[in-house]
Amino acid sequence: MDVHSYSRPDLVRVRHLELEFDLRFDRKVLDGSATLRFDATDQPELVLDTRDLEIHSVENATGFTLGPRDPILGSPLRIGLAKGCSWVRVQYSTSPGASGLQWLDPPQTAGKQHPFLYSQSQAIHARSWIPLQDSPAVRVTFQGRVRAPQGLHAVMAAERAGEHFRMERPVPPYLIALAAGALEFRPLGERAGVFAEPPLIDAAAREFADTEAMIRAVEQMYGPYRWGRYDLLVLPPSFPFGGMENPCLTFATPTILAGDKSLVSLVAHELAHSWSGNLVTNATWSDFWLNEGFTVYLERRILEKVYGPQREEMEAVLGRRELDREMAGLPESDRVLHIGLQGRDPDDGCTLVPYEKGALLLRTIEREVGRARFDAFLRSYFDHFAFQSITTDDFLAYLRRELPTSVPLDEWIYRPGIPGGAADPHSDAFGQVESELTRWQQGHAIDTHAWSTQLWLHFLRTMQNPDMARLDREFHLTESGNSEILHQWLLMAVRAGYQPAFSRMEQFLASVGRRKFLKPLYTELMKTPEGRDRARRIYAAARAGYHPIAQTTIDGIVRGSE
Ligand code: BES
Ligand code: ZN
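Residues numbered from 1 in each chain as written. Chains lettered and ligands numbered in written order. Predicted model: local features only at pLDDT ≥ 70, side-chain atom pairs only at ≥ 80, totals over all residues. Heavy atoms only, no water.

A. View of the site of ligand 1. Contacts to ligand 1 come from 15 residues, most closely from Gln-122, Gly-242, Glu-245, Glu-270 and Tyr-355. Between ligand 1 and Gly-242 there is a distance of 2.6 Å, counted from an oxygen atom to a backbone nitrogen or oxygen. Within the side chain of Glu-270, an N or O atom sits 2.7 Å from an oxygen atom of ligand 1. For ligand 1, whose accessible area on its own is 520 Å², the fraction buried by protein is 88%. Elements that contribute at least two residues to the shell around ligand 1 include exactly β18 (243-244), α3 (265-272) and α4 (288-307). Counting residues per element, the shell around ligand 1 draws most heavily on α3, which supplies three residues. Here the residues of the shell around ligand 1 are counted per class, giving six nonpolar, six polar and three charged. (Near = heavy atom within 4 Å. Polar contact = N/O pair within 3.5 Å; in protein donor to acceptor, adjacent residues only side chain to side chain. Areas by Shrake-Rupley, 256 points an atom, 1.4 Å probe, with all protein chains shown as cover. Helix = DSSP H or I, 4+ residues; strand = E, 2+ residues; numbered from the N terminus. Nonpolar A, V, L, I, M, F, W, Y, C, P; charged D, E, K, R; others polar.)

Written out as structure tokens, the structure reads:
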């Protein structure tokens, strides 16, 4: 039972979609037609999820009604079926404010010439641009056809042939994705490539040059990549996430184009979802940790294989530290892996807990049973549940049968916090940075020219009462072109009231819509009266450029206090 869907897949289960989209950039509306196919049924109705859709007609139905709009779930579309019915066709239009689409004007793109559109369906936003059974427990194959204006290149996360698209492997609705813009394509190897706007395509191809090596690394550990091609799409900076694992076509923020491959853990992460998440899928949003915890574990294994154990260790320590920091501010009920989401928007349950606590659980099991046995287990897990949606209980039953362990699983999954006996990642390189930090604080000059992003993050996060002016003088952090370092620095600048960084911060908040960066900065700003004024002023100007998902989050931070 999925509390985030009105649909009843236990009664009628949609198995295939035929989608036709006309992109109307002038009105920021998608005119759509969705044909839904299911096994012939005598059920009297088919219930679909929708949000802010205008339904024009339903073909092959005895009638339809659109129920009242729930702020979280949207409106149920109840379609009357004749006996033996096996398909219906819905003609509809989306609303300009569709929660799962962002329509960008040319100034919000890299090229500044053409508009851009992209979808973001996870968790429950597919229903704002396609009427369907919007539960991750329902898997569908689909065909798509997209008509875009002249000069724009439309893509769906599927096998592509011109304006036609086809997904032959059953996927949950949150993985259906669409984008259109002035896109160029560059191959990265046999199976991999990247789409980006022309001004970014060279930088993107350089940054993602190791993608094929990453695919091979996962395949060696967990079995074949089952989705044909693996391409990346670099989106405009308002994309609210770092990345989204749309099958065959990962969507990514341009803020990972650091120039030195230092932020490609995101590619490892989204690629890993091709196994954990896209192949074996969380059946409900309460099981989200099955997607993300497994993926962070796999991501780190990829990093270790492609970039070496030191890189992996640093990422693991950074992850653990951020988890502890975030968890300290969360209610106990959100410090568990299997979280209660009744009456809540699943986007709200998206903290580091499913990611980092989930990964730490797997690392703890690995440490106990040994890497060879754990890898064999994971490989068989992906085979066993391939193309299925499973619950936490399904996983637990399989684990208890295949790989008995003394790790206190129930405590990890249902109780708050990190149980005793958890794996404890350690980085020698960070130990050295801590020594350097001490020397620096004693007034010595230190040699940082070869420092990686990860070392910088640890250096900055470890510092107490930072001397902001000296840091900036010696290391030019306000000018950093690395989004993660800059974000960390700006956060410190707000805390310390360090004025010289404020105009850079305003520029950052005005141009970047990645929620992971916005949320901490606005939260920190809201802690003082001057910060509140600044936050309100910045947000008033920036809000229209943010994605609806980010708007909702930041509304809660900035407007919630008015
Ligand atoms: N699937 C998530 C993004 C997501 C989660 C979208 C929940 C909507 C609801 C994606 O794989 C992800 O985890 N992205 C992270 C980056 C990752 C490296 C931790 C992000 O966007 O920050
Ligand atoms: Zn993820």
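The discussion continues.
B. Representation of the sheet that holds strand β2 (residues 29-41) in the model. In spatial order, the strands read β4-β7-β2-β1-β10-β13-β12; together these seven strands make up an open sheet with mixed pairing. Of all the strands in the sheet, just β4 (54-59) and β12 (159-161) have a single pairing partner and so form its edges. Geometrically, the sheet is characterised by an average inter-axis angle of 15° between neighbouring strands, direction not taken into account. In this sheet, β2 lies alongside strand β1 (residues 14-24) in antiparallel orientation, the contact comprising 10 bridges. If you follow Phe-21 over to β2, its bridge partner there is Gly-32. (Pairing = 2+ DSSP bridges. Axes fitted to C-alpha atoms, helices over the stretch in contact; angles between N-to-C directions.)

C. Local environment of the sheet that holds strand β3 (residues 45-50). With respect to topology, three strands assemble into an open sheet ordered β3-β6-β5, the strand pairing being antiparallel. Taken across any chain shown, the strands that pair with only one partner, and hence form the sheet edges, are β3 and β5 (63-66). Direction aside, the axes of adjacent strands within the sheet are offset by 20° on average. For β5 and strand β6 (residues 75-80), the ladder comprises four bridges, and the chain directions are antiparallel. Pairing of Phe-64 across the sheet is with Ile-79, part of β6.

D. Local environment of empty space enclosed by the protein. In the structure shown here, the tally under the stated rule is three cavities of 30 Å³ or more. Size it by volume and the largest cavity reaches roughly 40 Å³. Every residue along the wall of the largest cavity is listed here: Val-14, Leu-17, Leu-36, Leu-132, Gln-133, Val-138, Val-140, Pro-173 and Ile-176. Among the residues making up the lining of the largest cavity, the classes are represented as eight nonpolar, one polar and no charged. (1 Å grid on protein atoms, 1.4 Å probe; cavity = no way out; pocket = protein on both sides within 12 Å on 5 of 7 lines; lining within 4 Å. Points joined across faces, edges and corners; volume = space filled by probe spheres on them.)

E. Structural detail: the pairing of strand β17 (residues 230-234). Here β17 lies mainly inside the structure; five of its five residues are buried. The side-chain alternation of β17 yields two buried faces, one formed by Tyr-230, Leu-232 and Val-234 and the other by Asp-231 and Leu-233. One ladder, built from four bridges, connects strand β16 (residues 192-196) with β17; its direction is parallel. Bridge pairing in β17 places Ala-192 opposite Tyr-230. Sheet topology note: the β17/strand β19 (residues 249-252) ladder contains four bridges and is parallel. If you follow Leu-233 over to β19, its bridge partner there is Phe-251. (Buried < 20%, exposed > 50% of the residue type's maximum accessible area, 1.4 Å probe, protein only.)

F. Structural view of helix α16 (residues 529-542). With 14 residues, α16 should cover 20 Å at 1.5 Å per step; its first-to-last C-alpha distance of 20 Å lies within 8% of that length. Within the sequence span of α16, burial applies to Gly-531, Arg-534, Ala-535, Ile-538, Tyr-539 and Ala-542. Angularly, the buried residues of α16 cover 125° about the axis, an arc narrow enough to put them on a single face. Away from its buried face, by an angle of more than 90 degrees, α16 presents the exposed residues Glu-530, Asp-533, Ala-540 and Ala-541. Summarising the contacts, the buried residues of α16 are in contact with α14 (502-511), α15 (515-525) and α17 (548-559). (Expected span 1.5 Å × (residues − 1). Arc of directions from axis to C-beta. Contact = heavy atoms within 4.5 Å.)

G. Representation of the pairing of strand β14 (residues 178-181). Neither face of β14 is left uncovered, since the one carrying Leu-178 and Ala-180 and the one carrying Ala-179 and Gly-181 both have all their residues buried. The pairing of strand β9 (residues 116-119) with β14 spans two bridges and is antiparallel. When the sheet's bridge partners are listed, Leu-117 is paired in β14 with Ala-180. One ladder, built from four bridges, connects strand β11 (residues 153-156) with β14; its direction is antiparallel. Residue Met-156 lies in a different strand from β14, and its bridge partner there is Leu-178.

H. Representation of the nonpolar core. Counting 141 residues, the largest nonpolar core has Phe-21, Ile-176, Phe-208, Phe-251, Ile-365, Tyr-381 and Phe-395 as the members making the most contacts within it. Sorting elements by how many residues they give to this core places α4 first, with nine residues. One finds Phe-475, Val-494, Phe-502 and Tyr-546 within the second-largest nonpolar core, a separate group that totals 50 residues. (Core = buried A, V, L, I, M, F, W, Y, C linked by side-chain atoms within 4.5 Å.)

I. How the structure looks around the environment of Leu-11. Structurally, Leu-11 can be placed in the segment before β1. When the C-alpha atoms of Leu-11 and Glu-212 are compared, they prove to be 42 Å apart, with 201 residues separating the residues in sequence. Dropping the residues within four chain positions of it, Leu-11 is found in contact with Thr-41 and Gln-43.

J. Representation of the coordination of the zinc ion (ligand 2). Distances from the zinc ion (ligand 2) to its protein donors, His-269 (NE2), His-273 (NE2), Glu-292 (OE) and Glu-292 (OE), fall within 1.9 to 2.7 Å. Considering all six donor atoms around the zinc ion (ligand 2), angles at the metal cover 54 to 161° and the coordination shape is irregular. Counting the intervening residues between successive donors of the zinc ion (ligand 2) yields the motif H-x3-H-x18-E. Of this pair, His-269 sits in helix α3 while Glu-292 sits in helix α4, and the two are 23 residues apart along the sequence. Comparing His-269 with Glu-292, the two get one shared label, buried. (Donors = N, O, S within 2.8 Å, 3.2 Å for Na, K, Ca; no water. Tetrahedral: all angles 85-135°; square planar, octahedral: opposite > 155°, others 65-115°.)

K. Structural view of the side chain of Ser-286. Inspection of the secondary structure assignment puts Ser-286 in the loop between β20 (280-282) and α4. A distance of 2.7 Å separates the side chain of Ser-286 from the backbone oxygen of Ile-339, its partner in a polar contact.

L. Highlighting the packing of aromatic side chains. Under the counting rule described, the total for this entry stands at 37 aromatic pairs. The interplanar angle of 90° and the centroid separation of 6.2 Å between the aromatic rings of Tyr-225 and Tyr-230 together place this pair among those described as edge-to-face. Like Tyr-225, the residue Tyr-230 is buried in the burial classification. An angle of 25° between the planes, with centres 6.1 Å apart, marks the rings of Phe-377 and Tyr-381 as stacked. Linking Phe-377 with Tyr-381, this pair stays in helix α7 (residues 371-384), spanning four residues, or about one helical turn. As far as burial versus exposure is concerned, Phe-377 and Tyr-381 are alike and both buried. These aromatic residues form a ring-pair network of at least three members: Tyr-222, Trp-289, Phe-294, Tyr-297, Phe-374, Phe-377, Tyr-381, Phe-382, Phe-385, Phe-395 and Tyr-398. The ring of Trp-440 carries Arg-470 above its face, with NZ or CZ at 3.9 Å from the centroid. The ring centre of Phe-517 lies 4.8 Å from the NZ or CZ of Arg-514, which sits over that ring. (Phe/Tyr/Trp six-rings, centres within 6.5 Å; stacked < 30°, edge-to-face > 60°. Lys NZ or Arg CZ within 6 Å of the ring centre and 35° of its normal.)

Worth remembering: the numbers are spatial, not functional.
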